[in-house]
Amino acid sequence: MSNQGRSLILLVNALVTGHHEAAWRLPQAQPERLRDMGYHQDIGRVAEAAGFHAMFVADFFVFNPGVRHSPRWELDPLTLLSGVAQVTERLGLIATGSATLSTPEEIARNFSSLDHVSGGRALWNIVTNGDPAAAANFGQDKPVPHQQRYQIGAKAVQDVLHLWRRGREVPAPVQSHPVLVQAGSSADGRDFASRYAELVFTAQNTLHDARTFRQDLLARAAAHGRKPGALKLIPGISPAIGSTVEEARRKKRDLDELIVPEASLAWLAGFGIELGTRDLDGPLPPILGDIDKFEGIKSRFGVIASVIERHRPSTVRDLLQLLAGSRGHATLSGTPESIADLIAEWFQQDAADGFMLMPHAFPSEFQLFADEVVPLLRRRGLLRNTEPQAGLRERLGLPIAGLADRI
């Protein structure tokens, strides 16, 4: 173990009414507030008060047809997080910017602006899009092929870093540069992350897989000449929390019963797994899809396949319920103590530097985690307070200079 001096990183993925597909149907859900800045500011206030390091708002650059079946995200993350910046003082703000759909000048200006309005708290989640509908939205005849996207992404990151460093074409950020976040887990994605990412958001289901993945990333980063501590691995976790294990499991079952199957099938299709024509109560097909022809998030296809192999769901419906709320990320139904145990074990066994919390429901389950789990992490010495004047990079345990050696 190598935990001396390390402090657990906590991020929250603020996805609509929650990460469970049926969260919007709960009596306490607030889907009518999704276009209300105050809703997102409330999540930011809870995150900061609990000691979370950053709040993440995703972007998919296309109006999702799944809105026919459940509420979907549609507002610009940079705009939302600029509003969150006005009611928080220390919380990092992670927005998505596409290296294949936007120009380096656009990305540099937008994230430098977020860095200024937040006082140095911006993080850029780097994505390389493969969605044909998103490509069409941006005037492209077809999406960039998968094997080329990370090459384009690398060039874009270098160009953006140059723009920030020179500070002539766009205002230089408050930080050395906004923290770089990335989520690729394929071979190309790992190489990209080991060169440029500072936080790597990943879907790993077991401690062994997460530790192996982290060791691989750190070895690759060292081979690229990066210093120890320059890259942090952040798996996603989607817990169901109860005063007892049975209560937590019941809460998950009750949510599963509210699933609109069409919505779950739609997001599975987004990962290259087409089950829309299958009988929900019939068996899974022996082959989920053709990964070689799929141009989307290839690594998630593999994660879902491994979940199926480990848990052996009998029917399509069982699979939808198994993945509901996590979409292949680590899951646990348990008490605050057992969830804190899992987080502590992964951190202390060098399987993670922190976690991206994906609550089943906002705001209720997020507040429950903040009230019941976070204090346990503090009492165990995993989540430490930093000096009030510490900047975002210092709070994350990252080098202050960032990637000065990459440009």
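Our structure is the block above this text.
All of these numbers come straight from a predicted model, not from anything done at the bench.

J.: Would you explain the packing of helix H2 (residues 77–85) against helix H3 (residues 104–117) in this entry?
T.: The description of two packed helices rests on the angle between their axes and on the distance between the axes. Running from amino to carboxyl end, H2 crosses H3 at an angle of 15 degrees, the nearest separation of the two axes being 9 Å. Between H2 and H3, the crossing angle belongs to the class labelled roughly parallel. Crossing of H2 over H3 shows right-handed handedness. Of H3, the residues touching H2 (which contributes Leu78, Leu81, Ser82 and Ala85) are Asn110, Phe111, Leu114 and Val117.

J.: How do you make sense of the pairing of strand E6 (residues 199–202) when you look at a structure like this?
T.: Looking along a regular strand, one sees side chains alternate from face to face of the sheet. Both faces of E6 are covered, namely the face carrying Leu199 and Phe201 and the face carrying Val200 and Thr202. Where strand E5 (residues 179–182) meets E6, two bridges bridge the pair, whose relative direction is parallel. Pairing of Gln182 across the sheet is with Val200, part of E6. Between the parallel elements E5 and E6, the chain passes through helix H6 (residues 187–196) in a crossover that is right-handed. Crossover E6 to strand E7 (residues 232–241) through helix H7 (residues 207–223) is right-handed.

J.: What should I look at first to understand the side chain of Glu198 in this one?
T.: Assignment of secondary structure puts Glu198 in the loop between H6 and E6. Every residue in contact with Glu198, bar those within four places of it in the chain, is listed here: His177, Pro178, Val179, Leu180, Arg226, Ala230, Leu231, Lys232, Arg393, Leu398 and Gly402.

J.: What is the right way to read the pattern of salt bridges from this model?
T.: Opposite charge on two side chains allows them to pair when their charged atoms are near. Here the structure, examined in full by the defined rule, presents 17 salt bridges. Salt-bridge contacts for Asp254 lead to Arg250; the nearest nitrogen and oxygen are separated by 3.3 Å. In this pair, Asp254 and Arg250 are both assigned in helix H8 (residues 245–256), four residues apart and thus about one turn of the helix distant. Judged by its relative accessible area of 41%, Asp254 is partly exposed. Across the pair Asp256 and Lys252 runs a salt bridge, and its minimum N-O distance is 3.1 Å. Of the two residues, Asp256 and Lys252 are both situated in helix H8; the distance of four residues between them amounts to about one turn of the helix. Each of the two residues, Asp256 as well as Lys252, counts as buried.

Parameters at a glance
- Residues numbered from 1 in each chain as written.
- Predicted model: local features only at pLDDT ≥ 70, side-chain atom pairs only at ≥ 80, totals over all residues.
- Heavy atoms only, no water.
- Axes fitted to C-alpha atoms, helices over the stretch in contact; angles between N-to-C directions.
- Helix = DSSP H or I, 4+ residues; strand = E, 2+ residues; numbered from the N terminus.
- Parallel < 35°, antiparallel > 145°, perpendicular 65-115°, else oblique.
- Left-handed = near helix turned anticlockwise from the far one by under 90°.
- Contact = heavy atoms within 4.5 Å.
- Buried < 20%, exposed > 50% of the residue type's maximum accessible area, 1.4 Å probe, protein only.
- Pairing = 2+ DSSP bridges.
- Right-handed = clockwise from strand over helix to strand, strands pointing away.
- Salt bridge = Lys/Arg side-chain N within 4 Å of Asp/Glu carboxyl O.

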